[in-house]
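# Structural features, examined
What follows is each chain in one-letter form.
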Amino acid sequence: MDWLEPHAGSSQINKSMELDLSSLMEQIFQKADNMKASLWKYLWAQAACLSLCLSPILAFAQSSEGAQNLEACNAGRESCDQSKLSAAQLADAALAAHGRNVANCRNGYDSCDRSKLSEPETIALALADHQRNVTDCNDGMQSCDRSKLTPSEARAVAVAEQQSNLAACKDGAGACDRSKLTPAETEEVNIARRKLNATDCENGAGLCNHAELTASQTKDTTAAELQRNAQNCNNGWTECDHSKLTPLQAKQTTYSEHQRNLAACKDGQETCDYTKLTVSEAKTLADAEHKRNYAACLKGYGYCDPSRLTVDEARTIHPSN
């Protein structure tokens, strides 16, 4: 049958279809290869960008960590890692450590290592130690080592101690050792102490011993006490003895007390004693208070007592007030 036999044109059609299919597959595979290449290029570009972006951050972090380590090494802290230092940085750290040791030795700290000092530094330290000991001895410090003083320095220290003891005995302050005084210094101290006692008695302060006063000093002390008492009374202070006032002082005190009471009454203070006011002063205060009360009632500001208003004043006050 004809339809069962191969047609002459069908072979050509099949071949044509095979060629088209092959071409199509090549195009598909070519596009896939191109997509892979593009994808790889994109990924490589992203990786390169990420590396470039992170490089400054990583470099800054490393730089900051390095700076902190360098600071720790220069300060002599335990967190120092010298393996991370350059040769120049190691030299700087060693120089800083040497400087700290010199300072520790100068300050007398236990951490001082004298074996690491240079010869000039050792000499300078010996001079500083000697001068510090001399100063301690002159100031009477317990850290003084007299065995390290030269003969002339020891004499100077002894003189300074004698002068310090003499001053303490004269002033009656500090540690006075009278057994170390010479006869002349003892007399000098006695004179100074009598003067100091007289001054204390006159000023009403310190350790006054009236029994040690001379007749002249007793007179001066009494006069000073009376004057101080008059001042206390005049100022209204508690340490006032009216019985010791002279007539003139008593008159002045009475006047001052009256003026203080008048001022207290004018200010409305609780210490005011109206019974001590004169008739004229009482009237003046009453008039002033009447005017104040009327003004308060009239303006509606302040304490107002309408019962103390006159008839005419009451008429001037607005009913709403």
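Residues numbered from 1 in each chain as written. Predicted model: local features only at pLDDT ≥ 70, side-chain atom pairs only at ≥ 80, totals over all residues. Heavy atoms only, no water.

At a closest axis distance of 8 Å, the pairing of helix H6 (residues 215–234) and helix H7 (residues 247–266) adopts a crossing angle of 25°. Compared by their axis directions, H6 and H7 come out roughly parallel. From H6, Leu226, Gln227, Ala230, Cys233 and Asn234 reach across to H7, where they touch Gln249, Gln252, Thr253, Ser256 and Arg260. Of the residues in the contact of H6 with H7, the class split is three nonpolar, six polar and one charged. (Axes fitted to C-alpha atoms, helices over the stretch in contact; angles between N-to-C directions. Helix = DSSP H or I, 4+ residues; strand = E, 2+ residues; numbered from the N terminus. Parallel < 35°, antiparallel > 145°, perpendicular 65-115°, else oblique. Contact = heavy atoms within 4.5 Å. Nonpolar A, V, L, I, M, F, W, Y, C, P; charged D, E, K, R; others polar.)

In this model, helix H5 (residues 183–203) (21 residues) spans 30 Å end to end at C-alpha, consistent with the 30 Å of a helix rising 1.5 Å per residue. Among the residues making up H5, those that are buried are Glu185, Val189, Asn197, Ala198, Asp200 and Cys201. On its buried face, H5 is in contact with helix H4 (151–171) and H6. Once H5 ends, the next one or two residues include glycine 204, with phi positive near 65°. (Expected span 1.5 Å × (residues − 1). Buried < 20%, exposed > 50% of the residue type's maximum accessible area, 1.4 Å probe, protein only.)

Attention shifts here to the environment of tyrosine 303. Tracing the chain through its elements places tyrosine 303 in the loop between helix H8 (279–299) and helix H9 (311–316). For tyrosine 303, a relative accessible area of 55% puts it in the exposed group. In sequence terms tyrosine 303 and arginine 292 are 11 residues apart; their C-alpha atoms lie 8.9 Å from each other.

This part covers the confidence of the model for the chain. Looking at the chain as a whole, the pLDDT averages 83, with 80% of positions reaching at least 70. When pLDDT is averaged over each helix and strand of the chain, the minimum, 64, is found for helix H1 (residues 8–75) and the maximum, 94, for H7. Note on residues 1–6: pLDDT is under 50 here. Beyond four places in sequence and across chains, it has zero contacts. (pLDDT = per-residue confidence, 0-100.)

Residues Leu262, Ala264, Cys265, Cys272, Leu277 and Leu285 constitute the largest nonpolar core, which totals six residues. Sort the elements by how many residues they give to this core and H7 lands first, with three residues. Contacts of cysteine 265, omitting those with residues within four sequence positions, involve Cys272, Asp273, Tyr274, Leu277 and Leu285. (Core = buried A, V, L, I, M, F, W, Y, C linked by side-chain atoms within 4.5 Å.)

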